[in-house]
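Next come the chains, spelled out residue by residue.
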Amino acid sequence: MSTSVAERLAAVRRRVEEACARAGRPVESVTLVAVSKLKPAALIREAYAAGQRDFGENYAQELRDKAAELAELEGLRWHAIGPLQTNKVKYVARVASAFHALDRVEVARELSKRREGAPPLPCYAEVNVGGEATKSGLEPAAVGDFLARVRELPGLRLVGLMSLPPPTDDEALARGAFRTLRELAARHGLPELSMGTTHDFELAIAEGATVVRVGTALFGDRA
Ligand SMILES: *Cc1c(COP(=O)(O)O)cnc(C)c1O
């Protein structure tokens, strides 16, 4: 692919701006997280040089290693966006600026413990609004109890809900899933909505996303 990361970033930013304009929302109300999983540190440096500061990683060790390798990039924020096993929490608890895939109390407890002495970690509870049997995330009906248990833990700050609905070309279906997440978050008093990827971030913004997680459109296909 001949297009540079900087050009792709500019194109995605423009699409975010246009989606915000259509929705009557200020562009500052949406944070673009550049999902760099499985991509080399060199591409992250290129995006950083073009002004990008928020990066998303799925895998605990990969996040740890990249954070170490890129430690000199001041102001870079790492978003842990993939499911975590309890024994891998230690790799991300300190370097992450936010965790987007909280759906197990044991992981929350471990994060809470490992975050001791540091500022509280902003967390998003992941909800399965696509109704898929195989996917991670809480059932919508389980969200209330889960939030109540996590809210008791020090070191974590619940800020919103996150979802990764299955990609679909059915616009109404995609918007419906995002709307479900928005309504759930509102019901539980959570202001942030982490939803939307390369395939559907504009629809997510139309439905109120405050964080979109975009990988492929910025860094190309993953092997
Ligand atoms: C990989 C991933 C993304 C980015 O997906 P793209 O289709 O590459 O934009 C966003 N969120 C999560 C949780 C992911 O795992």
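Heads up: the structure comes first, above all this text.
Attention in this report is confined to the structure presented alongside it.

Conventions we followed
- Every chain's residues receive numbers from 1 upward, in the order its sequence appears when written.
- Confidence filtering applies because this is a predicted model: local features only for residues at pLDDT of at least 70, side-chain atom pairs given and counted only at 80 or more, and all residues used for totals across whole chains, interfaces and linings.
- Water and hydrogen atoms play no part in the side-chain values, which are based on all heavy atoms of the structure.
- Secondary structure counts use DSSP, requiring at least four H or I residues in a row for a helix and at least two E residues in a row for a strand, with both numbered from the N terminus.
- The globule rule is 2.2 Å times the number of residues to the power 0.38, and the radius of gyration it is compared with is taken over C-alpha atoms.
- Only protein chains enter the area calculation, which uses a 1.4 Å probe; residues under 20% of their type maximum are buried, those over 50% are exposed, and those in between are partly exposed.
- The nearness test applies per residue and asks whether one of its heavy atoms lies within 4 Å of the molecule or strand.
- Any pair of N or O atoms that falls within 3.5 Å is considered a polar contact. Within protein, one atom must be able to donate a hydrogen and the other to accept it, and sequence-neighbouring residues count only if both atoms are side-chain atoms.
- All accessible areas in this document rest on Shrake-Rupley with a 1.4 Å probe, and a residue is counted as covered only by the protein chains that are shown.
- Residues were grouped as follows: Ala, Val, Leu, Ile, Met, Phe, Trp, Tyr, Cys and Pro as nonpolar; Asp, Glu, Lys and Arg as charged; and all remaining residues, including Gly, as polar.
- Under the pairing criterion, centres of Phe, Tyr and Trp rings, with the six-membered ring standing for Trp, must be within 6.5 Å; the plane angle then separates stacked pairs below 30 degrees from edge-to-face pairs above 60, leaving the rest tilted.
- Criterion for a charge above a ring: Lys NZ or Arg CZ within 6 Å of the ring centre, and within 35 degrees of the ring normal.
- Should any heavy atoms of two residues lie within 4.5 Å, those residues are considered in contact.
- The term salt bridge refers to a side-chain nitrogen of Lys or Arg lying within 4 Å of a carboxyl oxygen of Asp or Glu.
- In these notes, a set of buried Ala, Val, Leu, Ile, Met, Phe, Trp, Tyr and Cys residues joined through side-chain atoms within 4.5 Å is what counts as a nonpolar core.

## Describing the overall build of the protein chain
Here comes step 1: Across its full length, the protein chain holds nine helices and eight strands.
Here comes step 2: Against the compact-globule benchmark of 17 Å for 223 residues, the protein chain has a radius of gyration of 17 Å, which places it among compact chains.
Here comes step 3: Its C-alpha atoms give the protein chain principal-axis dimensions of about 50 × 40 × 30 Å.
Here comes step 4: Counting all 223 residues of the protein chain, 50% fall into the buried class.

## Some thoughts on the site of the ligand
Here comes step 1: Near the ligand you find 13 residues, and of these K37, N58, T198, T216 and R222 are the closest.
Here comes step 2: In the model, an oxygen atom of the ligand is placed 2.7 Å from a nitrogen or oxygen of the N58 side chain.
Here comes step 3: Within the side chain of R222, an N or O atom sits 2.8 Å from an oxygen atom of the ligand.
Here comes step 4: Summarising the interface, the protein chains cover 88% of the accessible area of the ligand, which totals 390 Å² for the free molecule.
Here comes step 5: Residues that form the shell around the ligand fall into these classes: five nonpolar, five polar and three charged.

## Re the packing of aromatic side chains
Any pair of aromatic rings gets described here by the distance separating the centres and the angle formed by the planes.
Here comes step 1: Scanning the model with the defined rule gives one aromatic pair in all.
Here comes step 2: When the centroid spacing of 6.2 Å and the interplanar angle of 50° are considered together, the rings of F55 and W78 count as tilted. Of this pair, F55 sits in strand β2 (residues 54-57) while W78 sits in strand β3 (residues 77-80), placing them 23 residues apart in sequence.
Here comes step 3: When its relative accessible area of 5% is taken as the criterion, W78 is described as buried.
Here comes step 4: In this structure, R53 is placed above the aromatic ring of Y48, and the distance from its NZ or CZ to the ring centre is 3.7 Å.
Here comes step 5: Sitting over the face of the ring of Y91, K90 holds its NZ or CZ atom 5.1 Å from the ring centroid.

## What to know about the side chain of S36
Here comes step 1: Looking at where S36 falls in the secondary structure, it is placed in the loop between β1 (31-35) and α2 (41-49).
Here comes step 2: Setting aside residues no more than four positions away along its own chain, S36 makes contact with I44, F55, G56, E57, E62, K66, W78 and F219.

## What about the pattern of salt bridges?
Here comes step 1: The final tally for this structure, using the stated rule, is twelve salt bridges.
Here comes step 2: We note a salt bridge from K113 to E110, for which the minimum N-O separation is 3.3 Å. Remark: E110 and K113 occur in helix α5 (residues 105-114); sequence separation between them is three residues, near one turn of the helix.
Here comes step 3: With a relative accessible area of 53%, K113 lands in the exposed category.
Here comes step 4: By relative accessible area, which is 13% here, E110 ends up buried.
Here comes step 5: A salt bridge links E110 to R114, with the shortest nitrogen-to-oxygen separation between them at 3.1 Å.

## Describing the nonpolar core
Here comes step 1: Among the nonpolar cores identified, the biggest contains 68 residues, and F55, F99, L102, L111 and L161 are the most heavily contacted of them.
Here comes step 2: Non-local contacts of L102, meaning those with residues more than four positions away in its chain, are made with V107, A108, L111, C123, Y124, A125, E126, L138, F146 and V150.
Here comes step 3: In this structure, V33, V159, M162 and V211 belong to the second largest nonpolar core, which totals six residues.

## Examining unusual backbone geometry
Here comes step 1: With phi around 65°, L38 is a residue other than glycine that occupies positive phi space.
Here comes step 2: Tracing the chain through its elements places L38 in the loop between β1 and α2.

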